[in-house]
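A closer look at the structure
Each chain is listed here by its residues.
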Amino acid sequence: MNAHDKSVDTHYGRSDLGSKIIEALRASGKDADALAPQDLAPVDQFHTGGRDATLALARLAGISSGMKILDVGGGLGGPARTLASEVGCEVTVLDITEEFCRVGEMLTRLTGLSDRVSFRHGSALDIPFPDATFDLVWTQHSSMNIADKDRLYLESHRALRPGGRLALHEIMAGHVSPPHFPVPWARDPSISHLRTPAEIRAIISGLGFSEIEWIDETETALQWFRQRLALAASQGPQPLGLHLLMGEDFRRMFQNQVRNLDEHRIAVIQAVFERT
């Protein structure tokens with residue numbers, strides 16, 4: 001693992017994340033030995049829009065039962081378990097953060113989905129699978145820490161079978177820069193690598209993909225973050241939530257997301273491409 005990847009791993013890793021999640025589940029009244037995938041949604045859907053956004057992207061991408069999916073940067077596996085349980089897919093999560101893979105395997109076992117969801121520790125820039133392995137490559141808020149976007153999408157193209165699809169829901173650079181830090185994916189600019197929607201669109205289209213859908217979700221994302229902050233202010237801290245992943249500066253990160261979206265420093269895009 002190179003120095004940059006170690007910095008990313010340090011940003012996301014908590015060392016005690018698994019036990020913290022189990023404690024929070026019990027404090028929320030959940031039976032940790034009999035979990036449904038949706039019980040974990042407050043903590044394992046680490047992206048704008050939560051579980052609803054995962055289901056929306058699945059519909060947009062035309063995902064169907066039996067598909068073999070690679071979730072690049074899939075973290076704890078929330079979207080993967082959602083796709084497996086709701087649609088009947090076989091999903092492999094690839095993530096650079098070793099603790100996410102370890103805790104994700106535990107949560108998958110507790111939800112009874114280990115036969116359909118698996119985890120692999122590794123880099124999106126060197127996908128550890130043969131050519132044409134997957135029907136769909138999925139990325140949901142996982143590209144922000146990756147500087148080499150060309151290599152990211154080239155590897156995604158290689159891992160897809162001909163006619164396979166790339167489904168993405170990503171934070172990109174806005175018209176104004178830089179973003180205010182800290183944000184959920186970085187506490188400072190050193191591991192934040194955003195490109196504009198126009199640049200990303202051109203990179204993907206130039207690598208042998210044809211565009212099917214491209215939707216700007218920036219305004220929707222802004223409203224979602226505002227609602228989450230308002231809810232947190234009215235209800236107070238809940239045992240199970242994204243603060244378990246982001247740490248003590250969770251609220252400041254969310255506040256900066258509102259500022260960044262409102263000031264057009266970041267954009268949120270949903271898109272689907274087909275491998276030609």
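Summarised in this report is the structure supplied together with it. Because the structure is predicted, anything quoted here is derived from the model rather than measured. (Residues numbered from 1 in each chain as written. Predicted model: local features only at pLDDT ≥ 70, side-chain atom pairs only at ≥ 80, totals over all residues. Heavy atoms only, no water.)

Regarding the overall build of the protein
Heads up, the condition is: Runs of E in the DSSP output that reach at least two residues are strands. Runs of H or I that reach at least four are helices, and both are numbered from the N terminus. When we talk radius of gyration, it's over C-alpha atoms, and the globule rule is simply 2.2 Å times the number of residues to the 0.38. Here, Shrake-Rupley sampling with a 1.4 Å probe gives the accessible areas, and only protein chains in the shown set may cover a residue. Lys and Arg are tallied as positive, Asp and Glu as negative. Neither His nor the chain termini are counted. Where a charge lies is defined by one atom per residue type, namely NZ (Lys), CZ (Arg), CG (Asp) and CD (Glu).
The helix and strand tally for the protein stands at 11 helices and 7 strands. A compact globule built from 276 residues would reach a C-alpha radius of gyration of about 19 Å, and the protein, at 17 Å, matches this within 12%. Surface summary for the protein: the accessible area is close to 11500 Å², and the carbon and sulfur share equals 49%. With 28 positive and 36 negative side-chain charges, the protein shows a separation of 1 Å between the mean positions of the two kinds.

Side note on the environment of Pro42
Structurally, Pro42 is set in helix α3 (residues 41-44). Counting along the chain gives 198 residues from Pro42 to Leu240, while the straight-line C-alpha distance between them is 6.2 Å.

What to know about the nonpolar core
Heads up, the condition is: Among buried residues, those of type Ala, Val, Leu, Ile, Met, Phe, Trp, Tyr and Cys that are joined through side-chain atoms within 4.5 Å constitute a nonpolar core. The classification of residues rests on relative accessible area computed with a 1.4 Å probe and restricted to protein chains. Under 20% of the type maximum is buried, over 50% is exposed, and intermediate values are partly exposed. Contacts were defined at the residue level, with two residues in contact if any of their heavy atoms lie within 4.5 Å.
Core analysis: the largest hydrophobic core is formed by 43 residues, its most contacted members being Leu17, Ile21, Trp185 and Phe254. Taken together, the elements giving at least two residues each to this core come down to α1 (3-12), α2 (17-27), α6 (98-110), β5 (160-173), α9 (218-235), α10 (243-246), α11 (250-262) and β7 (266-275). Apart from the residues within four sequence positions on either side, Leu17 is in contact with Leu76, Glu99, Phe100, Val103, Leu244 and Leu245. Membership of the second largest hydrophobic core comes to 24 residues, among which are Leu70, Val72, Phe134 and Trp214.

Focus: the sheet that holds strand β1 (residues 68-72)
What counts is decided by this rule: Two strands pair if DSSP finds at least two bridges between them. To get an axis, fit a line to the C-alpha atoms, keeping to the stretch in contact for a helix; angles then go from 0 to 180 degrees between the N-to-C directions.
Across the sheet, which stays open at both edges, the 7 strands sit in the order β3-β2-β1-β4-β5-β7-β6 with mixed pairing between neighbours. Each end of this open sheet is capped by a strand with a single partner; those strands are β3 (117-121) and β6 (209-216). Going across the sheet, the axis of each strand differs from the next one's by a mean of 15°, ignoring polarity. Sheet topology places β1 next to strand β4 (residues 134-140); 3 bridges connect them, and they run parallel. Note on β4: the bridge partner recorded for Ile69 is Leu136. Set on the sheet, helix α8 (residues 197-205) makes contact with β5, β6 and β7; between it and β6 the angle comes to about 160°.

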